[in-house]
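Structural description and commentary
These are the residues of each chain, in order.
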Amino acid sequence: MDINKYDPKFKLRRRDLLGLTDLTSEEIFELLYAAKAMKKKFRVRENSALLRGKTVALLFGSASTRTRVSFEMGIRQMSGDYLYLSKDETQLSRGESLKDTAAMLGRYGLSAVVLRSFTEAQTHEFASYSDIPVINGITEVSHPLQILSDLFTIWEVKGRLDNLKLAYIGDGNNIANSLIMGCSKVNMDVAIASPHGYSPARAVVERAMQYGDVLITDDVAEAVSGADVVYTDVFISMNEEDDAEKKRILSRYRVTEEVMRLAKPDAVFMHCMPVHRGEEVTAEVVDGPQSICYDQAENRLHLNKAALALLIRETI
Ligand code: CP
Ligand code: NVA
(Lines give C-alpha, C1' and ligand atoms only; values in the text may rest on other atoms or scores of the structure.)
(Ligands and ions follow the chains in the order given, each with its own letter.)
Protein backbone atom coordinates (compact mmCIF):
# COMPACT_ATOMS: atom_id res chain seq x y z
CA MET A 1 0.00 0.00 0.00
CA ASP A 2 1.22 3.50 -0.89
CA ILE A 3 1.33 5.96 2.02
CA ASN A 4 0.57 8.86 -0.34
CA LYS A 5 -2.74 7.23 -1.28
CA TYR A 6 -3.69 6.58 2.34
CA ASP A 7 -6.39 8.68 3.99
CA PRO A 8 -5.43 9.11 7.67
CA LYS A 9 -8.09 8.87 10.39
CA PHE A 10 -5.70 9.95 13.20
CA LYS A 11 -6.79 6.96 15.23
CA LEU A 12 -4.95 3.91 16.50
CA ARG A 13 -7.09 1.12 17.87
CA ARG A 14 -4.54 -0.45 20.19
CA ARG A 15 -3.36 0.08 23.73
CA ASP A 16 0.36 -0.65 23.52
CA LEU A 17 3.16 0.03 21.07
CA LEU A 18 5.48 -2.91 21.56
CA GLY A 19 6.82 -3.70 18.12
CA LEU A 20 6.41 -3.35 14.39
CA THR A 21 5.46 -7.00 14.03
CA ASP A 22 2.06 -6.27 15.62
CA LEU A 23 1.38 -3.09 13.61
CA THR A 24 -0.51 -3.14 10.32
CA SER A 25 0.63 -0.96 7.41
CA GLU A 26 -2.37 1.27 8.08
CA GLU A 27 -1.35 1.73 11.72
CA ILE A 28 2.17 2.66 10.64
CA PHE A 29 0.72 5.22 8.21
CA GLU A 30 -1.51 6.65 10.98
CA LEU A 31 1.58 7.22 13.14
CA LEU A 32 3.53 8.79 10.27
CA TYR A 33 0.72 11.16 9.32
CA ALA A 34 0.31 12.12 12.98
CA ALA A 35 4.07 12.79 13.20
CA LYS A 36 3.78 15.02 10.13
CA ALA A 37 0.98 16.99 11.82
CA MET A 38 3.02 17.26 15.05
CA LYS A 39 6.03 18.55 13.13
CA LYS A 40 3.95 21.18 11.36
CA LYS A 41 2.72 22.48 14.74
CA PHE A 42 6.27 22.41 16.15
CA ARG A 43 7.56 24.48 13.22
CA VAL A 44 5.16 27.32 14.05
CA ARG A 45 5.84 26.86 17.80
CA GLU A 46 2.30 25.75 18.48
CA ASN A 47 1.96 23.54 21.54
CA SER A 48 -1.07 21.38 22.21
CA ALA A 49 -3.04 20.46 25.30
CA LEU A 50 -3.43 16.82 24.35
CA LEU A 51 -1.68 15.55 27.48
CA ARG A 52 -2.99 18.14 29.93
CA GLY A 53 -3.48 16.49 33.30
CA LYS A 54 -1.62 13.36 32.17
CA THR A 55 1.69 11.95 33.36
CA VAL A 56 3.85 9.50 31.44
CA ALA A 57 6.45 7.36 33.21
CA LEU A 58 9.81 6.85 31.53
CA LEU A 59 11.17 3.68 33.13
CA PHE A 60 14.67 3.44 31.69
CA GLY A 61 17.29 0.76 32.24
CA SER A 62 20.05 2.31 30.14
CA ALA A 63 21.62 5.51 28.98
CA SER A 64 19.71 7.61 26.48
CA THR A 65 20.02 11.00 24.84
CA ARG A 66 17.47 11.06 22.02
CA THR A 67 14.76 8.82 23.42
CA ARG A 68 14.76 10.52 26.80
CA VAL A 69 15.01 14.11 25.61
CA SER A 70 12.48 13.66 22.82
CA PHE A 71 9.94 12.16 25.23
CA GLU A 72 10.55 14.70 27.99
CA MET A 73 10.36 17.68 25.63
CA GLY A 74 7.50 16.18 23.61
CA ILE A 75 5.40 15.61 26.72
CA ARG A 76 6.03 19.21 27.87
CA GLN A 77 5.05 20.53 24.44
CA MET A 78 1.77 18.62 24.80
CA SER A 79 1.14 20.19 28.23
CA GLY A 80 1.66 16.90 30.03
CA ASP A 81 4.03 15.80 32.75
CA TYR A 82 6.56 12.97 32.95
CA LEU A 83 8.19 10.92 35.66
CA TYR A 84 11.70 9.71 34.85
CA LEU A 85 12.41 6.49 36.69
CA SER A 86 15.85 4.98 36.46
CA LYS A 87 15.33 1.23 36.70
CA ASP A 88 18.31 1.02 39.08
CA GLU A 89 16.59 3.32 41.52
CA THR A 90 13.40 1.27 41.66
CA GLN A 91 12.84 -1.96 43.55
CA LEU A 92 13.20 -3.79 40.22
CA SER A 93 16.94 -3.52 40.85
CA ARG A 94 16.43 -5.48 44.08
CA GLY A 95 14.38 -8.24 42.52
CA GLU A 96 10.80 -6.93 42.69
CA SER A 97 8.80 -8.65 39.97
CA LEU A 98 7.78 -7.07 36.69
CA LYS A 99 4.23 -8.20 37.45
CA ASP A 100 4.02 -6.26 40.70
CA THR A 101 5.64 -3.18 39.18
CA ALA A 102 3.45 -3.21 36.08
CA ALA A 103 0.20 -3.95 37.89
CA MET A 104 0.79 -1.16 40.38
CA LEU A 105 2.06 1.78 38.27
CA GLY A 106 -1.32 2.62 36.69
CA ARG A 107 -2.84 2.95 40.17
CA TYR A 108 -0.96 6.20 40.73
CA GLY A 109 -2.73 7.94 37.89
CA LEU A 110 -0.06 7.48 35.23
CA SER A 111 -1.39 7.49 31.67
CA ALA A 112 1.36 5.48 29.93
CA VAL A 113 4.78 4.01 30.54
CA VAL A 114 7.78 3.96 28.21
CA LEU A 115 10.16 1.07 28.90
CA ARG A 116 13.78 1.23 27.81
CA SER A 117 16.31 -1.60 27.88
CA PHE A 118 14.11 -4.26 29.30
CA THR A 119 14.41 -7.45 27.24
CA GLU A 120 11.86 -8.11 24.52
CA ALA A 121 10.26 -10.82 26.70
CA GLN A 122 10.19 -8.54 29.76
CA THR A 123 8.61 -5.73 27.75
CA HIS A 124 5.79 -8.01 26.62
CA GLU A 125 5.42 -9.46 30.12
CA PHE A 126 5.23 -5.97 31.62
CA ALA A 127 2.52 -5.01 29.12
CA SER A 128 0.50 -8.11 29.94
CA TYR A 129 0.20 -6.95 33.58
CA SER A 130 -0.25 -3.24 32.89
CA ASP A 131 -3.60 -1.53 32.58
CA ILE A 132 -2.06 1.58 30.98
CA PRO A 133 -0.38 1.79 27.54
CA VAL A 134 3.15 0.41 27.40
CA ILE A 135 5.59 1.72 24.79
CA ASN A 136 8.79 -0.08 23.79
CA GLY A 137 11.67 2.40 23.97
CA ILE A 138 14.26 -0.23 22.87
CA THR A 139 14.98 -3.88 23.59
CA GLU A 140 17.83 -6.13 22.51
CA VAL A 141 15.61 -7.27 19.61
CA SER A 142 13.73 -4.18 18.47
CA HIS A 143 13.55 -0.38 18.45
CA PRO A 144 10.14 0.36 16.94
CA LEU A 145 9.94 4.08 17.78
CA GLN A 146 13.29 4.69 16.08
CA ILE A 147 12.27 2.92 12.93
CA LEU A 148 8.81 4.54 12.78
CA SER A 149 10.56 7.87 13.08
CA ASP A 150 13.06 6.83 10.39
CA LEU A 151 10.23 5.88 8.02
CA PHE A 152 8.78 9.32 8.64
CA THR A 153 12.17 10.87 7.82
CA ILE A 154 12.49 8.86 4.60
CA TRP A 155 8.95 9.82 3.56
CA GLU A 156 9.76 13.47 4.26
CA VAL A 157 13.04 13.46 2.32
CA LYS A 158 12.03 11.26 -0.61
CA GLY A 159 8.35 12.19 -0.83
CA ARG A 160 7.31 8.53 -0.87
CA LEU A 161 8.08 5.14 0.62
CA ASP A 162 6.63 2.90 -2.05
CA ASN A 163 9.31 0.85 -3.87
CA LEU A 164 12.27 2.64 -2.32
CA LYS A 165 15.24 0.47 -1.41
CA LEU A 166 16.96 0.67 1.98
CA ALA A 167 20.32 -1.04 2.51
CA TYR A 168 21.48 -1.66 6.08
CA ILE A 169 25.18 -2.47 6.50
CA GLY A 170 26.59 -3.89 9.73
CA ASP A 171 25.46 -5.77 12.80
CA GLY A 172 22.13 -7.60 12.50
CA ASN A 173 20.88 -6.01 15.72
CA ASN A 174 17.68 -4.45 17.09
CA ILE A 175 17.81 -1.66 14.50
CA ALA A 176 18.28 -4.12 11.63
CA ASN A 177 15.38 -6.28 12.87
CA SER A 178 13.01 -3.35 13.17
CA LEU A 179 14.08 -1.92 9.80
CA ILE A 180 13.32 -5.25 8.15
CA MET A 181 9.86 -5.38 9.67
CA GLY A 182 9.07 -1.68 9.20
CA CYS A 183 10.29 -1.36 5.61
CA SER A 184 8.56 -4.51 4.47
CA LYS A 185 5.24 -3.27 5.87
CA VAL A 186 5.39 0.02 3.96
CA ASN A 187 6.29 -1.58 0.65
CA MET A 188 9.99 -0.71 0.70
CA ASP A 189 12.66 -3.18 -0.39
CA VAL A 190 15.20 -3.88 2.31
CA ALA A 191 18.66 -5.40 1.94
CA ILE A 192 20.87 -6.28 4.90
CA ALA A 193 24.61 -6.88 4.53
CA SER A 194 26.18 -8.43 7.61
CA PRO A 195 28.90 -11.01 8.15
CA HIS A 196 28.16 -14.64 8.92
CA GLY A 197 27.18 -14.96 12.58
CA TYR A 198 25.84 -11.41 12.82
CA SER A 199 22.74 -11.68 10.64
CA PRO A 200 19.38 -10.36 11.79
CA ALA A 201 16.93 -12.66 13.61
CA ARG A 202 15.70 -15.41 11.29
CA ALA A 203 12.15 -15.26 12.69
CA VAL A 204 11.96 -11.53 11.86
CA VAL A 205 13.24 -12.09 8.32
CA GLU A 206 10.78 -14.93 7.67
CA ARG A 207 7.88 -12.87 8.99
CA ALA A 208 8.86 -9.79 6.98
CA MET A 209 9.19 -11.79 3.78
CA GLN A 210 5.41 -12.29 3.91
CA TYR A 211 5.03 -8.55 3.32
CA GLY A 212 7.89 -7.48 1.07
CA ASP A 213 11.23 -8.01 -0.55
CA VAL A 214 14.00 -8.77 1.98
CA LEU A 215 17.56 -9.58 0.91
CA ILE A 216 20.02 -10.96 3.47
CA THR A 217 23.59 -11.12 2.21
CA ASP A 218 27.19 -10.86 3.38
CA ASP A 219 28.04 -8.78 0.30
CA VAL A 220 27.99 -5.01 0.91
CA ALA A 221 28.02 -4.15 -2.82
CA GLU A 222 25.04 -6.41 -3.50
CA ALA A 223 23.03 -4.84 -0.67
CA VAL A 224 23.86 -1.25 -1.56
CA SER A 225 23.37 -1.52 -5.30
CA GLY A 226 20.48 0.74 -6.34
CA ALA A 227 19.75 1.79 -2.75
CA ASP A 228 17.89 5.03 -2.00
CA VAL A 229 18.87 4.87 1.67
CA VAL A 230 22.06 3.51 3.25
CA TYR A 231 21.75 2.87 6.99
CA THR A 232 24.13 1.65 9.67
CA ASP A 233 24.35 1.37 13.45
CA VAL A 234 26.96 0.71 16.13
CA PHE A 235 28.89 -2.57 16.11
CA ILE A 236 28.41 -3.07 19.86
CA SER A 237 24.95 -2.38 21.27
CA MET A 238 24.11 -1.23 24.78
CA ASN A 239 23.12 -4.69 25.96
CA GLU A 240 26.47 -6.18 24.86
CA GLU A 241 29.98 -6.39 26.29
CA ASP A 242 32.75 -4.74 24.29
CA ASP A 243 34.01 -7.38 21.83
CA ALA A 244 37.21 -6.75 19.85
CA GLU A 245 36.69 -9.82 17.65
CA LYS A 246 33.19 -8.73 16.68
CA LYS A 247 34.49 -5.26 15.81
CA ARG A 248 37.27 -6.79 13.72
CA ILE A 249 34.82 -8.96 11.77
CA LEU A 250 32.42 -6.07 11.26
CA SER A 251 35.14 -3.66 10.17
CA ARG A 252 34.61 -4.77 6.53
CA TYR A 253 31.03 -3.52 6.91
CA ARG A 254 31.92 0.11 7.53
CA VAL A 255 30.02 2.69 5.48
CA THR A 256 32.59 4.71 3.54
CA GLU A 257 32.34 7.16 0.65
CA GLU A 258 33.21 4.24 -1.63
CA VAL A 259 30.21 2.30 -0.30
CA MET A 260 27.97 5.35 -0.77
CA ARG A 261 29.09 5.58 -4.41
CA LEU A 262 27.63 2.10 -5.00
CA ALA A 263 24.15 3.37 -4.05
CA LYS A 264 21.97 5.68 -6.16
CA PRO A 265 23.56 9.13 -6.71
CA ASP A 266 20.78 10.76 -4.64
CA ALA A 267 20.96 8.18 -1.84
CA VAL A 268 20.83 9.44 1.74
CA PHE A 269 22.84 8.13 4.68
CA MET A 270 21.07 7.33 7.96
CA HIS A 271 22.22 6.34 11.44
CA CYS A 272 20.03 6.11 14.55
CA MET A 273 22.90 7.54 16.67
CA PRO A 274 25.02 7.49 18.80
CA VAL A 275 27.70 7.38 16.08
CA HIS A 276 31.21 5.95 16.41
CA ARG A 277 33.09 7.78 13.68
CA GLY A 278 35.74 5.59 12.07
CA GLU A 279 34.09 2.41 13.31
CA GLU A 280 30.74 1.67 11.57
CA VAL A 281 30.91 4.82 9.39
CA THR A 282 33.58 7.27 8.34
CA ALA A 283 33.39 10.92 9.40
CA GLU A 284 33.28 11.93 5.70
CA VAL A 285 29.98 10.09 5.28
CA VAL A 286 28.23 10.88 8.54
CA ASP A 287 29.26 14.55 8.38
CA GLY A 288 28.89 14.72 4.59
CA PRO A 289 26.16 16.08 2.31
CA GLN A 290 24.23 12.82 2.02
CA SER A 291 23.81 12.40 5.77
CA ILE A 292 20.38 13.08 7.29
CA CYS A 293 21.20 11.91 10.82
CA TYR A 294 20.21 15.09 12.57
CA ASP A 295 16.83 15.15 10.79
CA GLN A 296 16.39 11.59 11.97
CA ALA A 297 17.22 12.57 15.53
CA GLU A 298 14.81 15.53 15.45
CA ASN A 299 12.02 13.40 14.08
CA ARG A 300 12.14 11.19 17.17
CA LEU A 301 10.40 14.11 18.88
CA HIS A 302 7.55 14.36 16.39
CA LEU A 303 7.01 10.61 16.15
CA ASN A 304 7.02 10.11 19.92
CA LYS A 305 4.46 12.88 20.31
CA ALA A 306 2.32 11.25 17.63
CA ALA A 307 2.52 7.90 19.40
CA LEU A 308 1.53 9.41 22.75
CA ALA A 309 -1.32 11.40 21.22
CA LEU A 310 -2.80 8.38 19.46
CA LEU A 311 -2.28 5.85 22.25
CA ILE A 312 -3.30 7.96 25.21
CA ARG A 313 -6.28 9.54 23.47
CA GLU A 314 -7.76 6.09 22.95
CA THR A 315 -7.68 5.39 26.68
CA ILE A 316 -9.47 8.57 27.80
N1 CP B 1 18.62 6.45 18.83
C2 CP B 1 18.41 6.37 20.16
O3 CP B 1 17.58 5.60 20.68
O4 CP B 1 19.18 7.23 20.86
P5 CP B 1 19.39 7.23 22.43
O6 CP B 1 20.07 5.93 22.78
O7 CP B 1 20.24 8.42 22.71
O8 CP B 1 18.05 7.32 23.11
N1 NVA C 1 21.79 -0.93 18.47
C2 NVA C 1 21.93 0.19 19.34
C3 NVA C 1 20.88 1.21 19.05
C4 NVA C 1 20.98 2.48 19.87
C5 NVA C 1 19.89 3.45 19.57
C6 NVA C 1 21.85 -0.27 20.79
O7 NVA C 1 21.00 -1.13 21.10
O8 NVA C 1 22.63 0.20 21.60
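As shown above, the structure is provided for reference.
The model shown is predicted, which means the values in this text are computed figures rather than measured ones.

A word on the overall build of the protein chain
Helix and strand counts for the protein chain come out as 12 helices and 9 strands. Relative to the globule expectation of 20 Å for 316 residues, the C-alpha radius of gyration of the protein chain, 19 Å, shows essentially globular dimensions. The principal-axis extent of the C-alpha atoms belonging to the protein chain is close to 55 × 45 × 35 Å. Counting over 316 residues, the protein chain shows a buried share of 56%. Contacts in the protein chain between residues at least 24 apart in sequence constitute 75% of all its contacts with a sequence separation of at least 6. A total of about 13700 Å² of accessible surface is found on the protein chain, and carbon and sulfur atoms cover 48% of it.

Focus on the site of ligand 1
Close to ligand 1 lie Ser64, Thr65, Arg66, Thr67, Arg116, His143, Gln146, Cys272, Met273 and Arg300. In isolation ligand 1 offers 250 Å² of accessible surface; the protein chains occlude 95% of this area. A molecule is said to occupy a pocket when more than half its atoms come within 2 Å of that pocket's grid points, and by this definition ligand 1 occupies the largest pocket. A breakdown of the residues in the shell around ligand 1 according to their chemical character gives 2 nonpolar, 5 polar and 3 charged.

Section: the sheet that holds strand E3 (residues 112-116)
Pairing in this open sheet of 4 strands is parallel, and the strands run E2-E1-E3-E4 from one edge to the other. In this open sheet, the two edge strands, each paired with only one partner strand, are strand E2 (81-86) and strand E4 (134-136). Neighbouring strand axes in the sheet, compared pairwise and without regard to direction, differ in orientation by 20 degrees on average. Pairing of strand E1 (residues 55-60) with E2, which is carried by 6 bridges, proceeds in the parallel orientation. The residue bridging alanine 57 from the neighbouring strand is leucine 83, located in E2. Helix H4 (residues 120-129) rests against E1, E3 and E4 of the sheet, and its axis sits at about 165 degrees to E4.

Describing the side chain of lysine 158
With respect to the secondary-structure elements, lysine 158 resides in helix H5 (residues 144-158). Here the side chain of lysine 158 touches aspartate 266 through a polar contact of 2.7 Å, landing on its backbone oxygen. Excluding its chain neighbours within four sequence positions, the residues that come into contact with lysine 158 are Leu164, Asp228, Asp266, Ala267 and Val268.

A word on the site of ligand 2
Every residue near ligand 2 is listed here: Ile138, His143, Asn173, Asn174, Asp233, Val234, Ser237, Met238, Cys272 and Met273. Within the side chain of asparagine 173, a nitrogen or oxygen atom sits 3.3 Å from a nitrogen atom of ligand 2. Here aspartate 233 contributes a side-chain N or O atom positioned 2.6 Å from a nitrogen atom of ligand 2. Among the detected pockets, ligand 2 sits in the largest pocket. Residue composition of the shell around ligand 2, grouped by class: 5 nonpolar, 4 polar and 1 charged.

Focus: the pattern of salt bridges
One pass over the full model with this rule turns up 16 salt bridges. For lysine 39, the salt bridge is made with glutamate 156, and the minimal N-O distance between the two is 2.7 Å. Taken as a pair, lysine 39 in helix H1 (residues 25-43) and glutamate 156 in helix H5 lie far apart in primary sequence, 117 residues in all. Take lysine 39: its relative accessible area is 10%, and that puts it in the buried class. For glutamate 156, a relative accessible area of 37% translates into the label partly exposed. Between lysine 264 and aspartate 228 there is a salt bridge, with the nearest N and O atoms lying 3.0 Å from each other. Pair noted here: lysine 264 is in the loop between helix H10 (257-262) and strand E9 (268-271) and aspartate 228 is in the loop between helix H8 (220-224) and strand E8 (229-232), with a separation of 36 residues, a long-range link. The partly exposed category is assigned to lysine 264, whose relative accessible area is 32%. Via salt bridges that share partners, Lys39, Arg43, Glu156 and Glu298 belong to a single interconnected network.

A look at unusual backbone geometry
One can expect most non-glycine residues to show negative phi and most peptide bonds to be in trans. Looking along the chain, the bond that leaves methionine 273 and enters proline 274 is cis, with omega of 5 degrees. Positive phi values are uncommon outside glycine, yet phenylalanine 10 reaches one of about 55 degrees. Note that phenylalanine 10 resides in the segment before H1. With relative accessibility at 32%, the residue phenylalanine 10 sits in the partly exposed group. Its identity is not glycine, yet asparagine 163 carries a phi of approximately 65 degrees, on the positive side. Looking at where asparagine 163 falls in the secondary structure, it is placed in the loop between H5 and strand E5 (165-169).

Reading guide: rules and limits
Residues numbered from 1 in each chain as written. Chains lettered and ligands numbered in written order. Predicted model: local features only at pLDDT ≥ 70, side-chain atom pairs only at ≥ 80, totals over all residues. Heavy atoms only, no water. Helix = DSSP H or I, 4+ residues; strand = E, 2+ residues; numbered from the N terminus. Rg over C-alpha atoms; globule rule 2.2 N^0.38 Å. Buried < 20%, exposed > 50% of the residue type's maximum accessible area, 1.4 Å probe, protein only. Contact = heavy atoms within 4.5 Å. Areas by Shrake-Rupley, 256 points an atom, 1.4 Å probe, with all protein chains shown as cover. Near = heavy atom within 4 Å. 1 Å grid on protein atoms, 1.4 Å probe; cavity = no way out; pocket = protein on both sides within 12 Å on 5 of 7 lines; lining within 4 Å. Sits in = over half its atoms within 2 Å of the grid points. Nonpolar A, V, L, I, M, F, W, Y, C, P; charged D, E, K, R; others polar. Pairing = 2+ DSSP bridges. Axes fitted to C-alpha atoms, helices over the stretch in contact; angles between N-to-C directions. Polar contact = N/O pair within 3.5 Å; in protein donor to acceptor, adjacent residues only side chain to side chain. Salt bridge = Lys/Arg side-chain N within 4 Å of Asp/Glu carboxyl O.

Just distances and angles here, no functional claims.
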